Amino acid sequence: MKALQYTAIGTAPEIREVETPQPGPGQILVKITAAGVCHSDQFVMSLPEAEYLAAGMKLPMTLGHEGVGTVAELGDGVTHLAVGDAVAIYGPWGCGRCHMCAQGKENYCQNAAAEGIRAPGLGRDGTMAEYILIDDARHLVPLGDLDPVQNVSLTDAGLTPYHAIKGSLPKLGAGTFAVVIGTGGLGHVAIQILRALSGATVIALDVTEEKLALAREVGAHHTVLSDATAAATIRELTGGLGANAVFDFVGVNPTMSLAVQSAAAEGDVTIVGIGGGQATLGWGAQAYDVAVRIPYWGSRSELAEILDLARAGQVSVEVEQFSLDQGPEAYHRLHEGTIRGRAVIVP
Ligand code: NAD
Ligand code: ZN
């Protein structure tokens with residue numbers, strides 16, 4: 001089968017012919033119908049060799065941690081799935097036995113690191129291929145009649161902001177403000193989740209007018225260019241108080257500093273972006289009682305919830321479609337910053 005693989009440190013991903021995997025006992029072979037392109041893949045491919053290997057990655061590795069497909073073949077003992085079922089892949093695999101996994105929070109599995117359990121596309125072969133081997137039926141959630149291409153990115157670009165926002169919902173009643181920094185793949189879905197679930201006025205920031213136009217189309221009340229004057233503009237828009245929750249989907253020094261400065265007293269600062277930044281916290285450096293969170297991906301039940309939100313017509317991903325052969329081009333475009341919404345690869 002064809003797969004888009006990262007083959008050597010510092011090189012662009014390439015299409016290769018690889019063996020189609022066979023499902024062993026308990027495993028499932030899924031035929032991929034769509035795979036999403038995430039900025040985290042770019043982060044992984046930017047790592048120097050020592051850090052890449054220390055993070056549990058292998059070479060060559062099939063990319064892609066967003067995936068949906070249809071069940072192609074069942075390993076021995078898999079009972080409650082049938083060939084042809086449409087499924088979404090839950091990506092952050094855990095051990096399935098620890099306290100976190102028992103709650104469906106495999107994204108915070110207590111044993112994954114020690115046991116070498118890796119997510120598809122983030123250490124084991126991922127979704128950017130004709131087929132993928134799934135280790136356990138619990139990592140497949142019914143997709144139902146949701147369109148694969150339109151909805152594949154909900155498995156990460158939907159699930160990750162959903163998990164981040166859900167934790168701050170008690171602070172986002174009517175009359176509150178939420179800030180979204182970075183309105184790309186994750187950010188443009190975050191705006192829609194905030195509009196669907198909270199009473200907050202949504203202020204969105206990005207670096208170009210095109211990105212801000214998309215932010216307005218998907219529901220942002222205010223859009224602000226992310227520059228040195230942005231903190232003052234946010235103060236003004238929030239009546240001098242700051243925002244009750246700030247979500248940073250970039251995570252570099254300037255955005256993290258902006259996030260901390262923009263939070264109101266008792267506000268939440270949530271850093272989702274993996275931009276390598278750091279923020280200064282300390283007495284007087286932020287409003288009183290600000291809480292900082294750095295979440296990762298989401299739980300199995302939250303994946304079912306974000307798919308339900310799409311079924312209810314409350315979130316919809318802006319998609320640019322590429323073939324598997326065009327995969328390298330999709331990553332190039334993401335790197336350039338010219339993707340509108342999410343790039344999706346259809347094998
Ligand atoms: P993306 O490239 O689609 O979107 C990033 C957006 O940020 C772009 O629109 C870009 O123009 C904008 N941006 C860049 N610099 C900015 C600045 N200084 N101020 C405001 N906006 C700026 O990326 P994505 O796939 O949506 O991922 C976003 C980030 O989240 C990445 O760092 C990714 O690695 C990370 N991520 C984290 C998790 C997690 O679980 N924590 C999961 C998925 C992705
Ligand atoms: Zn991702």
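Residues numbered from 1 in each chain as written. Chains lettered and ligands numbered in written order. Predicted model: local features only at pLDDT ≥ 70, side-chain atom pairs only at ≥ 80, totals over all residues. Heavy atoms only, no water.

1. Brief notes about the domain arrangement of the protein chain
And step 1. Split into domains, the protein chain comes out as domain 1 (2-156 + 298-346) and domain 2 (161-293).
And step 2. Using only C-alpha atoms to locate each centre, domain 1 and domain 2 end up separated by 27 Å.
And step 3. Listed by partner, the interface residues are 21 residues for domain 1 and 17 residues for domain 2.
And step 4. Carbon and sulfur atoms make up 57% of the surface buried where domain 1 meets domain 2, a total of about 1600 Å² over both sides.
And step 5. Between domain 1 and domain 2 we count two salt bridges in total.
And step 6. Salt-bridge contacts for E217 lead to R340; the nearest nitrogen and oxygen are separated by 2.6 Å. (Domains from an automatic or database assignment. Contact = heavy atoms within 4.5 Å. Buried area = accessible area lost by both parts, 1.4 Å probe. Salt bridge = Lys/Arg side-chain N within 4 Å of Asp/Glu carboxyl O.)

2. Thoughts on the coordination of the zinc ion (ligand 2)
And step 1. Note on the zinc ion (ligand 2): its protein donors are C38 (SG), H65 (NE2) and D156 (OD). The metal-donor distances range over 1.7 to 2.3 Å.
And step 2. Donor residues binding the zinc ion (ligand 2) come from one chain and are separated in sequence as C-x26-H-x90-D. You can see C38 sitting in the loop between β3 (28-37) and α1 (39-45) and its partner D156 sitting in the loop between α5 (148-151) and α6 (159-166), a full 118 residues away along the chain.
And step 3. A residue is classified by how much of its surface remains accessible, and C38, at 3% relative accessible area, is buried. (Donors = N, O, S within 2.8 Å, 3.2 Å for Na, K, Ca; no water. Helix = DSSP H or I, 4+ residues; strand = E, 2+ residues; numbered from the N terminus. Buried < 20%, exposed > 50% of the residue type's maximum accessible area, 1.4 Å probe, protein only.)

3. Topic: the site of ligand 1
And step 1. Taken together, the neighbourhood of ligand 1 is formed by 26 residues, with H39, D206, S226, W297 and R342 sitting nearest.
And step 2. Contact distances for ligand 1 include 2.9 Å between an oxygen atom and a backbone N or O atom of G185.
And step 3. Side-chain polar atom of K211 to an oxygen atom of ligand 1: 3.3 Å apart, as the coordinates give it.
And step 4. Here ligand 1 loses 87% of its free accessible area of 860 Å² to cover by the protein chains.
And step 5. Its residues assigned to classes, the shell around ligand 1 shows 12 nonpolar, 10 polar and four charged.
And step 6. A domain split of the shell around ligand 1 shows at least three residues from each of domain 1 (2-156 + 298-346) and domain 2 (161-293). (Near = heavy atom within 4 Å. Polar contact = N/O pair within 3.5 Å; in protein donor to acceptor, adjacent residues only side chain to side chain. Areas by Shrake-Rupley, 256 points an atom, 1.4 Å probe, with all protein chains shown as cover. Nonpolar A, V, L, I, M, F, W, Y, C, P; charged D, E, K, R; others polar.)

4. Some details on a nonpolar patch on the surface
And step 1. A contiguous nonpolar patch, built from L281, V292 and I294 and spanning about 290 Å² of accessible area, is present on the exposed surface.
And step 2. The exposure class assigned to V292 is partly exposed, which follows from its relative accessible area of 39%. (Patch = residues over 30% accessible without salt bridge, like charges linked within 9 Å, V, L, I, M, F, W, Y side chains within 5 Å.)

5. Some remarks on the sheet that holds strand β2 (residues 14-17)
And step 1. The sheet built from three strands is open, its strands ordered β2-β1-β4 with antiparallel pairing. Edge positions in the sheet fall to β2 and β4 (61-62), since each has one partner strand and no second. (Pairing = 2+ DSSP bridges.)

6. A short note on the packing of aromatic side chains
And step 1. This model, assessed by the stated rule, comprises three aromatic pairs.
And step 2. With 5.8 Å between their ring centres and 75° between their planes, Y296 and W297 make a pair best called edge-to-face. (Phe/Tyr/Trp six-rings, centres within 6.5 Å; stacked < 30°, edge-to-face > 60°.)

7. Comments concerning helix α11 (residues 300-311)
And step 1. Taking 1.5 Å per residue as the helical rise, α11 with its 12 residues ought to reach 16 Å, and the 17 Å between its terminal C-alpha atoms agrees with that figure.
And step 2. All of the buried residues in α11 are E302, L303, I306, L307, L309 and A310. On an axial view of α11, the arc spanned by its buried residues comes to 155°, and they lie on one face.
And step 3. Packed against the buried residues of α11 are β6 (86-89), β10 (140-142), α5, α6 and α7 (185-197). (Expected span 1.5 Å × (residues − 1). Arc of directions from axis to C-beta.)

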